[in-house]
Amino acid sequence: MKVDFSKFNYMHDELEEDIKVAVTKVLESNWFIDGKELENFEKKFADYCQTKFCVGCGNGLDGLTLALRAMGVQTGDDVIIPSHTFIATALAVSNIGARPVFVEVKEDYTIDPTKIEEKLTNKTKVIIAVHLYGQCADMDEINKIAKKHNLYVLEDAAQAHGATYKGKKAGSLADAAEFSFYPGKNLGAMGDGGCVVTNNQNIAEEVKKLRNYGSIKKYCHELKGVNSRLDEIQAAILNVKLKRLDKWNEYRNRVANRYLNEIKNKKIILPIVSKTNYHVWHSFVVRVEDRKKFQEYLSENGIKTLIHYPTAIHKQKAYSEYNNLSFPIAEKYANEVISLPMYYGITNDEVSYVIDIINKY
Ligand SMILES: *Cc1c(COP(=O)(O)O)cnc(C)c1O
């Protein structure tokens, strides 16, 4: 048997007609940027996230960057980020000229709140909490620290569309949140896309200006903005796909529960799910000491896997100024994590096969 890592066609086959109608409508409207589809999506996605505002932008990285700028982060400021995350979290900070300050993560792969305070300086402005792999970070503890030290909290929810924490939606858990609509995310466009959601009107208005050359009124530029917009075709596709997001996340949960209940192998460390969280399983990540051997074994048996992520950010060439730093947990996880097949439409037989092969390892 062959098992893919991820596939879009089960999602898209079901919606093919609706997507064609939506895209045709944009074509016939003759309006491609900043129109009705975007307005409609921003309203619907804000409702979905239980927030007042949603501002679309070009991609998740820009969402993070623009949200940080809207929070007043400038050159020379410090921003707290987890040591184990996708590189975009750090790039958003360094792109502004601010300094990413790494904090180790817990066993559940989210930032360890007990290790944040020791990293704060008088230049710290924001804590970024990443809901890595689809599970929310420990938001009550993080918000408590932020309140005490007068900091903003930004959720990097790029992998957590629809996740909840104590019954509240990812996106509504801090001062603002960024989502990515990269095709492979739980809610994906057919190209790049992203947004910022928030209950803070000032942040929403700033991001709205920044994404469009620093301007709300045409040719009147209040800020040195950028060009980062969610176009009408992507917004139209997202409007169609958003209706199915909960169903797709439930499917991912059924797959994850089978992995959690049926993988029984002492060499494999399974992911931890907090009781207060609804995990949306962007990735199902296990840890194995001899990862290379395990990945080769799965590959020989027709099972595709990926590594999220193979090198800790502070060990990347792009961050050579931090290469001498040591974050033992992040480095250990970078060496041991491996993501199993996880997507809407993977069959029961395929899941059984993956479990069987892993149990025989
Ligand atoms: C995907 C991702 C981003 C960036 O999103 P893009 O749309 O690819 O720019 C940021 N943070 C995390 C955790 C991500 O997984």
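Conventions we followed
- Residues numbered from 1 in each chain as written.
- Predicted model: local features only at pLDDT ≥ 70, side-chain atom pairs only at ≥ 80, totals over all residues.
- Heavy atoms only, no water.
- Helix = DSSP H or I, 4+ residues; strand = E, 2+ residues; numbered from the N terminus.
- Contact = heavy atoms within 4.5 Å.
- Pairing = 2+ DSSP bridges.
- Expected span 1.5 Å × (residues − 1).
- Buried < 20%, exposed > 50% of the residue type's maximum accessible area, 1.4 Å probe, protein only.
- Phe/Tyr/Trp six-rings, centres within 6.5 Å; stacked < 30°, edge-to-face > 60°.
- Lys NZ or Arg CZ within 6 Å of the ring centre and 35° of its normal.

Visitor: Mind showing me how you'd approach the side chain of glutamine 234 here?
Guide: In this structure, glutamine 234 sits in helix α7 (residues 232–242). Apart from the residues within four sequence positions on either side, glutamine 234 is in contact with Ala189, Met190, Gly191 and Asp192.

Visitor: I keep staring at the sheet that holds strand β6 (residues 164–165) and nothing clicks. Help me out?
Guide: Hydrogen bonds between backbone atoms are what pair the strands of a sheet, whose relative direction is either parallel or antiparallel. What the three strands build is an open sheet, ordered β7-β6-β10; its pairing is antiparallel. Two strands in the sheet have a free side with no partner beyond their single neighbour: β7 (168–169) and β10 (277–278). Of the strand pairs in this sheet, β6 and β10 are connected by two bridges, and their pairing is antiparallel. Across the sheet, the residue bridging to threonine 164 is tyrosine 278, located in β10.

Visitor: Sorry if this is basic, but what is going on with helix α11 (residues 348–359) here?
Guide: In an α-helix, one turn spans 3.6 residues, which is why side chains three or four residues apart end up on the same side. The first and last C-alpha atoms of α11 sit 16 Å apart over 12 residues, in line with the 16 Å expected at 1.5 Å per residue. Those residues of α11 lying buried are Glu350, Val351, Tyr353, Val354, Ile355, Ile357 and Ile358. In this structure, the buried side of α11 is in contact with α8 (245–262), α9 (291–300) and β12 (337–340).

Visitor: What is the right way to read the packing of aromatic side chains from this model?
Guide: Between two aromatic rings, the relevant description is the distance of the centres plus the angle of the planes. Scanning the model with the defined rule gives 18 aromatic pairs in all. Ring centres 6.1 Å apart and planes at 45 degrees place the aromatic pair tryptophan 248 and tyrosine 344 in the tilted group. In this pair, tryptophan 248 is assigned in helix α8 and tyrosine 344 in the loop between β12 and α11, connecting sequence segments 96 residues apart. Both residues of the pair, tryptophan 248 and tyrosine 344, count as buried. Between the NZ or CZ atom of lysine 169 and the centre of the ring of tyrosine 48, over which it lies, the distance is 3.9 Å. Seen from the ring of tyrosine 361, lysine 267 lies directly overhead, with NZ or CZ sitting 5.1 Å from the centre.

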